[in-house]
Amino acid sequence: MNIVFISMDTMRASRLGCYGYGKPTSPYMDQIAEQGVLFERAYAADIPTEVAHTGIFTGKVGLRTGVVSHGSPLTQLPKKESWLPSLLQNQGFTTAAVDNLYQLKEWFARGYRYYINSVQKTRSIDGKSVNELAFKWIREHKEDDFFLFLHYWDPHTPYQPPASYVPAFYDQTRDPYDPANRSMDAAYNHAAYPFFKHHHYDLLGPITDAAYVNALYDAEVRYLDDRLRELDELLIAEGVYEDTLLILFGDHGESLTEHDIYWDHCGLYETSVQVPMIMRWPGRIPEGRRVKGLVQQVDMLPTILEAAGIMTPTNIDGRSLWPSIRGEADGTHDAVYLSECAWQASRGIVTKDYKFIRTLDAGPFVRPPRELFDLRVDPDETVNIAESSPAIADELAYQLDNWTEKMLNGRADPMLKQIEVGLPFRNRIHEILLQYGLTWDEWIQDPRRDRFDEASAARHAGR
């Protein structure tokens, strides 16, 4: 058998047609979903990218491995940890990746016979380049039983889709640079602006219409959809389609202005933690199956190992999805526990009906210490009912505390260690501010775009 394991970085479930979105972002992914199984409530328990992928490849949540942050020098993953590519390689699979996570942390290259770095000099890790590298490798190894990990970065910021993809998602009679449009003001005057100015605002130009940035995201999704169609065409042409288990997943989602988060993936809200998860294996996975119950990313490791006939490690947090795929169950968990420790430090729990979030450090955001949402009537998480429904909030907080204590098993809490030295992205912003004669404390009191831009212009003029 072959396994093609596809990470769609920053893919928000609710922007795909098969998850209910009305715009034509994903016609081919929708077709793949119809050919296999789609998990309606799949969650990234740990966000963002570094911690999500670590959980996916170990089958363990961040508190179990100690990897809870992103871009932190405190983080290490012991070599004794189970690792999906290594487990498959040990059982005779030829393992390969087209990826660049190795540049974040060395452990992302473990277990691969072939690790092909996808970094390039032109457009930010373009899906076409990923395909070019992957297609060559597939042609050369189509006679092997292989595991191929493909990491696509469309639609991660900066959103720079080919221009031809934009008109389908943005009214062409509107001017995205109209000076009378003030919908970008909240983003430009946010405390995170010093980071995002160089990361993507300067690359996109003086946009004034927030709807245009959202349209660029949708266009990026459609661009990736076309790349996945090309991949399937290659699998068919090379005769490996029928024997290939194809898995599509998002490592995390993306907030598109919701919750005071402007085109990034923090906050334990549905926009950032509910991700697509779709599997297809002709003749082995029933077509058109939709699983409504809760599942999470760590469930993919035991599912893949079971498909390959490989014994699953006993000390993991993931549970096989096969009972749900066969219709014998509807999900793997009664609750999914959530964590982030990069922009913000928060933990949460999501159940069938509710979401509870506890924020320990809000970073550049303003957050209450506790949030509770009734997802049945408020799926967009707009009304915090923690104070009006204290009994429910207290019960979920109690569950969260018990789970945290169980996962730590007497070890020090890595989130508290990270807070002590500073959250990675807050530290990055502070480093940027110091270059312009500002401090974090000064900036957070008055985070205006013109204030930062004036300091930046003055520094450059003084060179």
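Residues numbered from 1 in each chain as written. Predicted model: local features only at pLDDT ≥ 70, side-chain atom pairs only at ≥ 80, totals over all residues. Heavy atoms only, no water.

Participant: Just to check I follow, could you spell out the overall build of the chain for this structure?
Facilitator: Along the chain, the regular secondary structure elements total 16 helices and 16 strands. For the chain, the C-alpha radius of gyration of 22 Å lies close to 23 Å, the compact-globule estimate for 463 residues. With the C-alpha coordinates of the chain rotated into their principal frame, the extents come out at 60 × 50 × 45 Å. Classification of the 463 residues of the chain by burial places 63% in the buried group. (Helix = DSSP H or I, 4+ residues; strand = E, 2+ residues; numbered from the N terminus. Rg over C-alpha atoms; globule rule 2.2 N^0.38 Å. Buried < 20%, exposed > 50% of the residue type's maximum accessible area, 1.4 Å probe, protein only.)

Participant: Would you take a moment to explain the packing of helix 5 (residues 127-141) against helix 8 (residues 210-237) for this structure?
Facilitator: Each pair of packed helices can be summarised by the angle the axes make with each other and by the distance between the axes. In the contact formed by helix 5 and helix 8, the axes pass within 10 Å of each other and the chain directions differ by 10 degrees. If you check the angle between helix 5 and helix 8, you find them roughly parallel. When helix 5 is examined against helix 8, the residues Gly127, Lys128, Asn131, Phe135, Ile138 and Arg139 are found in contact with a partner set consisting of Tyr223, Arg227, Glu230, Leu231, Leu234 and Leu235. Taken together, the residues that form the contact of helix 5 with helix 8 break down as 6 nonpolar, 2 polar and 4 charged. (Axes fitted to C-alpha atoms, helices over the stretch in contact; angles between N-to-C directions. Parallel < 35°, antiparallel > 145°, perpendicular 65-115°, else oblique. Contact = heavy atoms within 4.5 Å. Nonpolar A, V, L, I, M, F, W, Y, C, P; charged D, E, K, R; others polar.)

Participant: Even after reading the chapter, I still don't get the pattern of salt bridges, so can you show me in this structure?
Facilitator: Note that side chains of opposite charge can pair when their charged atoms are close. Going through the model one piece at a time under the given rule, you end up with 34 salt bridges. One salt bridge in this structure joins glutamate 50 and lysine 105, with 2.8 Å as the shortest N-O distance. With a gap of 55 residues between them, glutamate 50 in helix 2 (residues 49-58) and lysine 105 in the loop between strand 4 (94-99) and strand 5 (114-117) connect regions that are remote in the sequence. With a closest N to O distance of 3.0 Å, arginine 370 and aspartate 394 form a salt bridge. Residue arginine 370 is located in strand 16 (residues 370-374), and its partner aspartate 394 is located in helix 12 (residues 390-408); the two are separated by 24 residues in the primary sequence. (Salt bridge = Lys/Arg side-chain N within 4 Å of Asp/Glu carboxyl O.)

Participant: When you look at the side chain of histidine 141 in this model, what are you seeing that I'm missing?
Facilitator: Mapped onto the elements, histidine 141 comes out in helix 5. A residue is classified by how much of its surface remains accessible, and histidine 141, at 10% relative accessible area, is buried. The residues contacting histidine 141, other than those within four sequence positions of it, are Thr94, Tyr114 and Phe146.

Participant: Sorry if this is basic, but what is going on with the packing of aromatic side chains here?
Facilitator: Each aromatic ring pair is characterised by the separation of its centres together with the angle its planes make. Tallied over the full model, the rule gives 33 aromatic pairs. Here the aromatic rings of phenylalanine 5 and phenylalanine 57 are separated by 5.9 Å at their centres, their planes lie at 75 degrees, and the arrangement is edge-to-face. Remark: phenylalanine 57 occurs in helix 2 and phenylalanine 5 occurs in strand 1 (residues 2-8); sequence separation between them is 52 residues. Across the pair, phenylalanine 57 and phenylalanine 5 agree in class, each one buried. (Phe/Tyr/Trp six-rings, centres within 6.5 Å; stacked < 30°, edge-to-face > 60°.)

Participant: What is the right way to read the sheet that holds strand 3 (residues 46-47) from this model?
Facilitator: To summarise the sheet geometry, strands pair through backbone hydrogen bonds and adopt either a parallel or an antiparallel arrangement. Taken together, 5 strands build an open sheet; the order of strands is 3-13-14-15-16 and the sheet is mixed. Either end of the sheet is taken by a strand with one partner, and the two such strands are strand 3 and strand 16. Relative to strand 13 (residues 335-341), strand 3 runs parallel, the two being bridged by 2 bridges. Residue pairing in the sheet places isoleucine 47 in a bridge with glutamate 340 of strand 13. Against the sheet, helix 12 contacts strand 13, strand 14 (345-351), strand 15 (354-361) and strand 16, and its axis sits at roughly 65 degrees relative to strand 15. (Pairing = 2+ DSSP bridges.)

Participant: Whenever I open this one, the packing of helix 7 (residues 193-204) against helix 16 (residues 449-461) confuses me. Can you help?
Facilitator: Helix 16 packs onto helix 7 with a crossing angle of 65 degrees between their chain directions and a minimal axis gap of 10 Å. If you check the angle between helix 7 and helix 16, you find them roughly perpendicular. Between helix 7 and helix 16 the crossing geometry is right-handed. Residues Tyr193, Pro194, Lys197 and His198 of helix 7 lie in contact with helix 16, whose contacting residues are Arg449, Phe452 and Asp453. A per-class count over the contact of helix 7 with helix 16 returns 3 nonpolar, 1 polar and 3 charged. (Left-handed = near helix turned anticlockwise from the far one by under 90°.)

Participant: Hey, could you run me through unusual backbone geometry in this one?
Facilitator: Residues apart from glycine generally show negative phi values, whereas peptide bonds are mostly found in trans. Following isoleucine 47, the chain continues into proline 48 via a peptide bond in cis, with omega recorded as 0 degrees. Of note, proline 48 is situated in the loop between strand 3 and helix 2. Residue proline 155 is bonded to the preceding aspartate 154 through a cis peptide linkage, with omega at 15 degrees. Following the sequence through the fold, proline 155 ends up in the loop between strand 6 (146-152) and helix 6 (185-188). In this model, histidine 259 sits at a positive phi of 60 degrees, which is unusual for a non-glycine residue.

Participant: I would appreciate a short explanation of helix 14 (residues 424-435) in the present structure.
Facilitator: Helical geometry note: an α-helix holds 3.6 residues per turn, so side chains three or four residues apart project in the same direction. Taking 1.5 Å per residue as the helical rise, helix 14 with its 12 residues ought to reach 16 Å, and the 17 Å between its terminal C-alpha atoms agrees with that figure. Here the buried face of helix 14 lies against helix 7, strand 13, helix 13 (414-421), helix 15 (440-445) and helix 16. Immediately beyond the C-terminal end of helix 14, within one or two residues, lies glycine 437, with a positive phi of roughly 75 degrees. (Expected span 1.5 Å × (residues − 1).)

Participant: Can you walk me through the nonpolar core in this structure?
Facilitator: Side chains that are nonpolar tend, in soluble globular proteins, to be buried together. Judged by nonpolar contacts, the single largest core of 136 residues is most densely connected at Phe5, Ile6, Phe39, Trp263 and Met279. Beyond its immediate stretch of four places on either side in the chain, methionine 279 contacts Gly36, Val37, Phe39, Leu246, Ile247, Ile285, Met300, Thr303, Leu321 and Ile325. Counting 23 residues, the second largest nonpolar core, distinct from the first, contains Tyr337, Cys341, Ala397 and Leu400. (Core = buried A, V, L, I, M, F, W, Y, C linked by side-chain atoms within 4.5 Å.)

Participant: Would you take a moment to explain the pairing of strand 1 for this structure?
Facilitator: In regular strands, side chains alternate between the two faces of the sheet. Burial analysis of strand 1 places 7 of its 7 residues in the buried class, the great majority of the element. Every second residue of strand 1 is oriented toward a common face, with Asn2, Val4, Ile6 and Met8 on one face and Ile3, Phe5 and Ser7 on the other, all of them buried. Summarising the sheet, strand 1 and strand 7 (residues 244-250) pair through 7 bridges and their orientation is parallel. The partner of isoleucine 3 across the bridge, within strand 7, is leucine 245. Where strand 1 meets strand 6, 6 bridges bridge the pair, whose relative direction is parallel. Bridged to methionine 8 within strand 6 is tyrosine 152.

Participant: Any chance you could explain the environment of phenylalanine 365 here in plain terms?
Facilitator: Looking at where phenylalanine 365 falls in the secondary structure, it is placed in the loop between strand 15 and strand 16. Those residues in contact with phenylalanine 365 that lie beyond four places of it in its chain are His190, Asp260, Ile261, Cys266, Trp343 and Gln344.

Participant: Looking at this model, I keep getting lost on the environment of phenylalanine 146. Mind explaining?
Facilitator: Mapped onto the elements, phenylalanine 146 comes out in strand 6. The contacts of phenylalanine 146, once residues within four sequence positions are left out, are Met1, Asn2, Ile3, Val4, Phe93, Thr94, Trp137 and His141.

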